[in-house]
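Now for the letters of each chain:
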Amino acid sequence: QVQLVESGGGSVVPGGSLRLSCEFTGSDLSTTAYLLGWYRQAPGKERRLLATINNPGITNYPDPMQGRFTISKGDAKNTWNLQMNSLKPEDTAVYYCNIKISFGPTRREYWGQGTQVIVSS
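Here's what I pulled together on the structure shown here. (Residues numbered from 1 in each chain as written. Predicted model: local features only at pLDDT ≥ 70, side-chain atom pairs only at ≥ 80, totals over all residues. Heavy atoms only, no water.)

1. Quick look at the overall build of the protein chain
Helix and strand counts for the protein chain stand at zero helices and eleven strands. What you see for the protein chain is a C-alpha radius of gyration of 14 Å, in line with the 14 Å of a compact globule of 121 residues. Seen through its principal axes, the protein chain has C-alpha atoms that stretch 45 × 25 × 25 Å. Looking at the protein chain as a whole, 40% of its 121 residues are labelled buried. A separation of at least 24 residues holds for 53% of the contacts in the protein chain among residues at least 6 apart in sequence. Carbon and sulfur atoms make up 48% of the accessible area of the protein chain, which amounts to about 6400 Å² in all. Put simply, the protein chain has 12 plus and 9 minus side-chain charges, and the middle of one group is 3 Å from the middle of the other. (Helix = DSSP H or I, 4+ residues; strand = E, 2+ residues; numbered from the N terminus. Rg over C-alpha atoms; globule rule 2.2 N^0.38 Å. Buried < 20%, exposed > 50% of the residue type's maximum accessible area, 1.4 Å probe, protein only. Contact = heavy atoms within 4.5 Å. Areas by Shrake-Rupley, 256 points an atom, 1.4 Å probe, with all protein chains shown as cover. Lys, Arg positive; Asp, Glu negative; His and termini not counted. Charge placed at Lys NZ, Arg CZ, Asp CG, Glu CD.)

This is the structure:
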C-alpha cells in the first residue's frame, strides 16, 4: 500500500529540539523525480509550507524559520527528516509531509496523516 507516514512528534519544552521523520512506503524513489515538503497547521490557521527537498537533495525554505528548521534526506531509503531546534510555543501545530512524484508523464501526490508537536513548559 502506498502511503506517506510521519513520526517523531511529541511534547517538548521551549528551547528543545525534535526530529520529525517521513517515510514513503511505495516504490523506490531513488531514481524518481519528486518534491517532498514539510508543512504545519496550527489551530485555527492555514496549513503552511516550511521546507522542501527534491531528489537531487536541493532544499528550499519558503519560510526561513530563522534557521531553526532543517530538512534532509534520511539514512533509510524513502525517508526524510525535519530537524527542529530552539522550539517555541508558537511552533505548536500538526506537522505534515507531502510528496509530489513524477512517474514519467504521470504525477502523483500524497499527504501523510500528520504528527502533533506541542511546545510548552
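2. Remarks on the sheet that holds strand 1 (residues 4–7)
What the four strands build is an open sheet, ordered 1-3-8-7; its pairing is antiparallel. The open sheet has two free edges, formed respectively by strand 1 and strand 7 (69–73), since each of these has just one partner strand. Going across the sheet, the axis of each strand differs from the next one's by a mean of 15 degrees, ignoring polarity. Alignment of strand 7 against strand 8 (residues 79–84), held across five bridges, turns out to be antiparallel. Bridge pairing in strand 8 places Ser-72 opposite Asn-81. (Pairing = 2+ DSSP bridges. Axes fitted to C-alpha atoms, helices over the stretch in contact; angles between N-to-C directions.)

3. Description of the environment of Thr-31
Note on placement: Thr-31 falls in the loop between strand 3 (18–24) and strand 4 (33–41). Residue Thr-31 is classed as exposed on the basis of its relative accessible area of 75%.

4. Some words on the nonpolar core
With 27 residues, the main nonpolar core has Leu-36, Trp-38, Trp-80, Leu-82, Met-84, Tyr-95 and Ile-99 as its most contacted residues. Residue assignment for this core shows that the elements contributing at least two residues are strand 3, strand 4, strand 5 (48–54), strand 7, strand 8, strand 9 (93–103) and strand 11 (115–119). Here this core takes five residues from strand 9, the largest share from any one element. For Tyr-95, the residues in contact, after removing those within four places along its chain, are Glu-6, Leu-20, Trp-38, Tyr-39, Arg-40, Leu-50, Phe-69, Leu-82, Met-84, Gly-114, Thr-115 and Val-117. (Core = buried A, V, L, I, M, F, W, Y, C linked by side-chain atoms within 4.5 Å.)

This is a description of form; function is not addressed.
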